[in-house]
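Residues per chain, in single letters:
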Amino acid sequence: MGSVAEKARFYLERAAPQLREFEEKEIFNKDEIRSLVTKRSDFEHLVLSPGTKPSDFLSYVQWERSMDRLRAKRCKRLKIRGSNPRPSEARVFGIFERAVMKHPGCIPLWIAYLDFAAEIKATKRWRRVITKAIRMHPRSAVLWTMAGRNAAVHGDMERARAYFLRGCRFCTGEVSLWVEYARCEMEWLARIEAKKGGKGVRRGVNPIEAIKATEGTEIEGDHIALDDSDEDDELDGDELILPDPDAGEKKKKPVFDAEATRKLEQSPALSGAIPMAIFDIAKKQPFYAAVACEAFFDMFATFGHVSCQSKITQHVLSAMEESFPKSACTASCFIRQPLIGVDINTPEFPKALRESLARLRKAYAEQTEEKKALAGKIVDWASKILEIESLDPAIRTVLEATKKGLEATKKGLEGELGQEKA
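All of these numbers come straight from a predicted model, not from anything done at the bench. (Residues numbered from 1 in each chain as written. Predicted model: local features only at pLDDT ≥ 70, side-chain atom pairs only at ≥ 80, totals over all residues. Heavy atoms only, no water.)

K.L.:
Help me understand the overall build of the protein chain, please; the structure alone is not making it clear to me.
P.N.:
Secondary structure summary: the protein chain contains 19 helices and zero strands in total. By the burial criterion, 41% of the 422 residues in the protein chain qualify as buried. Of all intrachain contacts in the protein chain linking residues separated by at least 6 positions in sequence, the fraction that spans at least 24 positions is 65%. Of the roughly 24800 Å² of accessible surface on the protein chain, 53% is carried by carbon and sulfur atoms. (Helix = DSSP H or I, 4+ residues; strand = E, 2+ residues; numbered from the N terminus. Buried < 20%, exposed > 50% of the residue type's maximum accessible area, 1.4 Å probe, protein only. Contact = heavy atoms within 4.5 Å. Areas by Shrake-Rupley, 256 points an atom, 1.4 Å probe, with all protein chains shown as cover.)

In structure tokens form, the structure reads like this:
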């Protein structure tokens, strides 16, 4: 293709059929269509000219999507039927394709492309794009996380684990991907412990019984086999489908027989072995530090409804006490541990808070190196609890007094540090 003007004309002519539809169905008048063409021409010349930036493509996409939203609102208001959003979506896909071809090293462009494909539920396109993006940026933890989480959301844990395992081999310098892998496994454990109907299992209910209760039914998000091919799954019109003469005689094999149940009961995966194994392998990586351990601890602490959560958090805390006994991160996790999974509106909360405050006094007395950092962490933790409106007034009073004392101590330490530097 020739000059920038000729290329711009080529892409503008491809949008002409939709503009004719706008005029025929009176979605936009002639002046508005003329303004649309002018604006689109400006964007085309901008993205096709030398020295274009990724932000130019993102602005073009934003304008195209705003124009399509306006089209949808007018069709709804004027009760116009038959206006298809597919041409606009195809045009946005084309802009993104040109953008990643022009700037293949820009990860935010790939992420925006993937977000758009996920938003309009273009599953096959999403898989093709993520494959290209990962091949271009194999050390990007964000892209590996998106790939793994997308597979997990669609129920394909086998593919999700494959993505995370591959990503962990490449991304050994940052903890975020490893934490997300462990999070994905914790979400899988939560689904395993969910009973029929999507509700959580009551405390004391055996997860095996909850799984067996779903026998013969297909749970949404449990397993969806995704096809990697780009071809449609529809059959040919000339292909004959013959009935199975033995179909009525076949008996459905039970999903959970005695042998399968025995294996499930003995499986260490149900007791949190996989998340703990991820953490143990992360201990051998270059990023292993007290901050990385705290990231794992905070993530595991959000799964208070999982039966093995206390075992996993204790495993992480034990490793922190062994490797980083004097760290403020270790002390912070040690202080917050009693309140993990405890509802503030239950009688257990004041008892757990009393234990946490006792641990705070103990840890603060033993802490000699990072008292200022520890005070800051506990202040932030107490502030989050104080934001809850339904908090008991007596508990609020205790936490506010604790917060003020820590803030005063923190300011005193900052003053001492400033005098030493002077």
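Now, onward.
K.L.:
Mind showing me how you'd approach unusual backbone geometry here?
P.N.:
Note on backbone geometry: most residues besides glycine have negative phi, and most peptide bonds are trans. Positive phi is not limited to glycine here, since lysine 79 has a value of about 55°. Position of lysine 79 among the secondary structure elements: in the loop between α4 (54–78) and α5 (86–102). Residue class for lysine 79 comes out exposed when judged on its relative accessible area of 74%. Although it is not a glycine, lysine 121 sits at a positive phi angle of roughly 65°. Within the fold, lysine 121 resides in the loop between α6 (107–119) and α7 (123–136). Given the relative accessible area of 69%, lysine 121 is considered exposed.

K.L.:
Would you mind going over the packing of α6 against helix α8 (residues 141–153) with me for this structure?
P.N.:
Each packed pair of helices is defined by two parameters, the angle between the axes and the distance between the axes. Packing of α6 against α8 leaves a shortest axis separation of 11 Å and a crossing angle of 15°. On the basis of the axis angle, α6 is roughly parallel to α8. The interaxial crossing formed by α6 with α8 has left-handed handedness. Note on element contacts: α8 touches α6 through Val142, Leu143 and Met146, opposite Ile111, Leu114 and Asp115. (Axes fitted to C-alpha atoms, helices over the stretch in contact; angles between N-to-C directions. Parallel < 35°, antiparallel > 145°, perpendicular 65-115°, else oblique. Left-handed = near helix turned anticlockwise from the far one by under 90°.)

K.L.:
Where do I start with the packing of aromatic side chains in this structure?
P.N.:
Describing an aromatic ring pair means giving the distance of the ring centres and the angle of the ring planes. Inspection of the entire model under this criterion finds 14 aromatic pairs. A centroid spacing of 5.1 Å and a plane angle of 5° characterise the contact between phenylalanine 43 and tyrosine 60, whose relative ring orientation is stacked. Within this pair, whereas phenylalanine 43 is found in helix α3 (residues 30–48), its partner tyrosine 60 is found in helix α4, the two being separated by 17 residues in sequence. Here the aromatic cluster, defined as three or more aromatic residues joined through ring pairs, consists of Phe93, Phe96, Tyr113 and Phe116. The residue whose ring lies beneath arginine 125 is phenylalanine 93, and the NZ or CZ to ring-centre distance is 4.3 Å. Over the ring of phenylalanine 334 we find arginine 359, and its NZ or CZ is 4.4 Å from the ring centre. (Phe/Tyr/Trp six-rings, centres within 6.5 Å; stacked < 30°, edge-to-face > 60°. Lys NZ or Arg CZ within 6 Å of the ring centre and 35° of its normal.)

K.L.:
What is the right way to look at the pattern of salt bridges in this model?
P.N.:
Oppositely charged side chains can pair when the atoms bearing their charge come close. Taken as a whole, this structure holds 21 salt bridges when the rule is applied. Arginine 40 is paired through a salt bridge with glutamate 64; the nearest N and O atoms lie 2.9 Å apart. With arginine 40 in helix α3 and glutamate 64 in helix α4, the pair connects residues that are 24 residues apart, well separated along the chain. Its relative accessible area of 3% is what places arginine 40 among the buried residues. Through salt bridges that share partners, Arg149, Glu180, Arg183 and Glu187 make up one connected network. (Salt bridge = Lys/Arg side-chain N within 4 Å of Asp/Glu carboxyl O.)

K.L.:
Sorry, what's going on with the nonpolar core here?
P.N.:
Across soluble globular proteins, nonpolar side chains show a tendency to be buried alongside one another. Core analysis: the biggest nonpolar cluster contains 87 residues, and Ile130, Leu177, Trp178, Met186, Phe296 and Phe300 have the highest contact counts within it. It is helix α10 (residues 176–192) that contributes the most residues to this core, 11 residues altogether. The residues touching isoleucine 130, leaving out its near neighbours within four places in the chain, are Leu114, Leu143, Ala147 and Tyr163. Core analysis: the next-biggest nonpolar cluster, separate from the first, contains 23 residues, Ala328, Leu339, Ala363 and Ile395 among them. (Core = buried A, V, L, I, M, F, W, Y, C linked by side-chain atoms within 4.5 Å.)

K.L.:
In this structure, what is going on with helix α2 (residues 16–24)? I would like to understand it.
P.N.:
Because each turn of an α-helix spans 3.6 residues, side chains separated by three or four positions in sequence point in the same direction. Every buried residue of α2 is listed here: Gln18, Leu19, Glu21 and Phe22. An end-on view of α2 places all buried positions within 155° of arc, on one side of the element. Next to the buried residues of α2 lie α3, α4 and α5. Where α2 ends, the next residue or the one after it, glutamate 26, has phi of about 60°, a positive value. (Arc of directions from axis to C-beta.)

K.L.:
Teacher, can you tell me more about α8 here?
P.N.:
With 13 residues, α8 ought to run about 18 Å at 1.5 Å a step, and its terminal C-alpha atoms sit 18 Å apart, in line with that. The set of residues buried in α8 consists of Ala141, Leu143, Trp144, Thr145, Met146, Ala147, Gly148, Asn150, Ala151 and Ala152. (Expected span 1.5 Å × (residues − 1).)

K.L.:
Can you help me understand the side chain of serine 332 in this one?
P.N.:
Tracing the chain through its elements places serine 332 in helix α16 (residues 328–336). Among the residues examined, serine 332 registers a relative accessible area of 1% and is labelled buried. Once you skip the residues sitting within four places of it in the chain, serine 332 turns out to touch Glu294, Leu374, Lys377 and Ile378.

K.L.:
How do you make sense of the side chain of threonine 145 when you look at a structure like this?
P.N.:
Structurally, threonine 145 can be placed in helix α8. Beyond its immediate stretch of four places on either side in the chain, threonine 145 contacts Phe164, Leu177 and Glu180.

K.L.:
Which parts of the structure should I look at to understand the confidence of the model for the protein chain?
P.N.:
Any region with low pLDDT has predicted coordinates that should not be read closely. For the protein chain, per-residue confidence averages 82 on the pLDDT scale, and residues scoring 70 or more make up 79% of the total. Contacts for the low-pLDDT stretch residues 200–208, under 50 throughout, to residues beyond four places or in other chains number 14 contacts. Low pLDDT, under 50, characterises residues 210–256; the stretch is placed with 44 contacts to residues that sit more than four places away or in other chains. (pLDDT = per-residue confidence, 0-100.)

K.L.:
So what exactly am I meant to see when it comes to the environment of valine 179 here?
P.N.:
Mapping valine 179 onto the fold places it in helix α10. With a relative accessible area of 7%, valine 179 lands in the buried category. Between the alpha carbons of valine 179 and alanine 282 there is a distance of 9.2 Å; along the sequence they are 103 residues apart. Among all residues touching valine 179, those that are not within four sequence positions of it are Ala295, Phe296 and Met299.

K.L.:
Where do I start with the environment of lysine 372 in this structure?
P.N.:
Turning to its location among the elements, lysine 372 is positioned in helix α18 (residues 371–386). Looking at lysine 372, the relative accessible area reads 34%, which means it is partly exposed.

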